[in-house]
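Read off the chains here:
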Amino acid sequence: MKRVLVVGGANGIGLSIATEIAMREDSEKIYIVDRAPLNGKYVHPKFETFQFDLTSEDFSFFSRFQDIDALMITAGFGRLALFKDLDEQYIIDTMNVNTVAVMRLIHRFYDKIQGVKDFYCGVMVSIAGFMSSPFFSVYGASKAALKIFIESVNVELEKSGTSNRILNISPGAIKGTSFNQGDTDLSQTSVLAQQIIKHLETKDDLFIPQYDEVFKHVLSRYHADFREEGRHSYEYKLKSGRIK
């Protein structure tokens, strides 16, 4: 990966991935696009930064990135709250940023993804897209849509003859990110960023961090009884201290 576009790369895991790639000798340019500006302490000579709001109707902005050989989409947001406490605009913005914008970006670069040349594409999804997630109903729905979209398109890519795939990265909560009003701490995210890059380069289609340690059992419980696992998730979040 020599020229990489990271959408949502001004903080959190996106910034961590951009930083890890920039430290490689053979990387040339990392374009960072985010609604927020990049904090000056994270500036790198290989970074070129842009500000763009993914709720915009006009995505022609992305036409300038025709030289890339990798696309990493980490933009997205969510907050823990009961559905009754969410306003309608939050629902619209969540689906637009977390889901529709991702589909639009992949559509814009689809010729590269479906091409014969190596192209690396990854999307930060979420384990919430694999199961019911009380207090995360809209966020989980936005990620569940991405999960099915990526799985479906990957079959189309396989049948088209290309070796390129879209990597679904579906972690649980990640320490050291600005998600849910946290602070970016690259020392806490660097290992995960390195793992994501490795899976990108091997053109995997799914990476669930801590799968064997945690989520294999969680998903097994969910498939055995989704209602009971939903109740368990509800109580777990209440006790986590993350509910504001």
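Colleague: Now, about the overall build of the chain: what can you tell me, with residues and values included?
Modeller: Helix and strand content of the chain: seven helices and seven strands. Ordered by position from N to C terminus, the α and β elements of the chain give β-α-β-β-β-α-α-β-α-β-α-β-α-α. Over its C-alpha trace the chain gives a radius of gyration of 18 Å, about what one expects of a compact globule, namely 18 Å for 244 residues. Reported as C-alpha extents along the three principal axes, the dimensions of the chain are approximately 50 × 45 × 35 Å.

Colleague: Please set out the packing of aromatic side chains residue by residue, giving values where relevant.
Modeller: Scanning all chains against the criterion turns up 15 aromatic pairs. Taking the centre distance of 6.3 Å and the plane angle of 50° together, the rings of Y31 and F50 count as tilted. Separated by 19 residues along the polypeptide, Y31 in strand β2 (residues 29–34) and F50 in strand β3 (residues 47–51) bring together distant segments of the chain. The pair formed by Y31 and F50 is uniform in burial state, with each residue classed as buried. Between F50 and F65, the aromatic rings sit 5.2 Å apart at their centres with planes inclined by 85°, giving edge-to-face as the arrangement. Taken together, the residues span a long stretch of sequence, with F50 in strand β3 and F65 in the loop between β3 and β4 (70–73) at a distance of 15 residues. Across the pair, exposure class does not vary: F50 and F65 are buried alike.

Colleague: Outline helix α6 (residues 211–224), listing residues and values.
Modeller: Those residues of α6 that fall on the buried side of the exposure criterion are F215, V218, L219 and Y222. Buried residues along α6 cover an arc of 95° about the axis, so they all sit on one side. Facing away from the buried surface of α6 by more than 90 degrees, the exposed residues are D212, E213 and A224. Next to the buried residues of α6 lie α7 (226–240).

Colleague: Outline helix α5 (residues 186–201), listing residues and values.
Modeller: Here α5 contains 16 residues, and its C-alpha end-to-end distance of 21 Å stays within 8% of the 22 Å for a straight helix at 1.5 Å per residue. If you look at α5, its biggest bend is around 25°, right at L192. Here α5 has its buried residues at T189, S190, L192, A193, I196, I197 and L200. Of the surrounding secondary structure, the elements contacted by the buried residues of α5 are α1 (12–22), β4, β5 (120–124), β6 (166–169) and β7 (206–207). Looking one or two places after α5, you find K203, whose phi comes out positive at around 55°.

Colleague: A description of the sheet that holds β4 should follow, citing residues and the corresponding values.
Modeller: If you trace the seven strands from one edge of the open sheet to the other, you get β3-β2-β1-β4-β5-β6-β7, paired in parallel fashion. On the outer flanks of this sheet lie β3 and β7, each paired with one strand and no other. Bridge analysis of β4 against β5 gives four bridges, and the strand direction is parallel. Bridge pairing in β5 links I73 to V123. Across the sheet, helix α4 (residues 137–160) touches β5 and β6, and the angle it forms with β6 is around 155°.

Colleague: Could you give an account of the environment of V125, with specific residues and numbers?
Modeller: Its location among the elements puts V125 in the loop between β5 and α4. V125 sits 45 residues away from S170 along the chain, and the two C-alpha atoms are 4.9 Å apart. Beyond its immediate chain neighbours, meaning those up to four positions away, V125 contacts Y139, K143, L146, K147, I150, N168, I169, S170 and P171.

Colleague: Help me get a handle on the nonpolar core, residues and values and all.
Modeller: If you look at the biggest cluster of nonpolar residues, it comprises 33 residues, and the most contacted ones within it are L5, L54, F62, F65 and I106. At the level of secondary structure, the elements contributing two or more residues to this core comprise β1 (3–7), β2, β4, α2 (88–108), α3 (110–113), β5 and α4. Judged by nonpolar contacts, the second largest core, of 26 residues, contains V6, L15, L192 and L200.

Colleague: Before we move on, could you go through the side chain of K143 and cite the residues and values that matter?
Modeller: Its place among the elements puts K143 in helix α4. Buried charge K143 goes without a salt bridge, the closest partner of opposite sign being D34 at 13 Å. Among residues more than four places away in sequence, those in contact with K143 are N98, M124, V125, S126 and G129.

Each value, and the rule that gives it
Residues numbered from 1 in each chain as written. Predicted model: local features only at pLDDT ≥ 70, side-chain atom pairs only at ≥ 80, totals over all residues. Heavy atoms only, no water. Helix = DSSP H or I, 4+ residues; strand = E, 2+ residues; numbered from the N terminus. Rg over C-alpha atoms; globule rule 2.2 N^0.38 Å. Phe/Tyr/Trp six-rings, centres within 6.5 Å; stacked < 30°, edge-to-face > 60°. Buried < 20%, exposed > 50% of the residue type's maximum accessible area, 1.4 Å probe, protein only. Arc of directions from axis to C-beta. Contact = heavy atoms within 4.5 Å. Expected span 1.5 Å × (residues − 1). Bend = angle between axes of the 7 residues up to and from the residue. Pairing = 2+ DSSP bridges. Axes fitted to C-alpha atoms, helices over the stretch in contact; angles between N-to-C directions. Core = buried A, V, L, I, M, F, W, Y, C linked by side-chain atoms within 4.5 Å. Lys, Arg positive; Asp, Glu negative; His and termini not counted. Salt bridge = Lys/Arg side-chain N within 4 Å of Asp/Glu carboxyl O.

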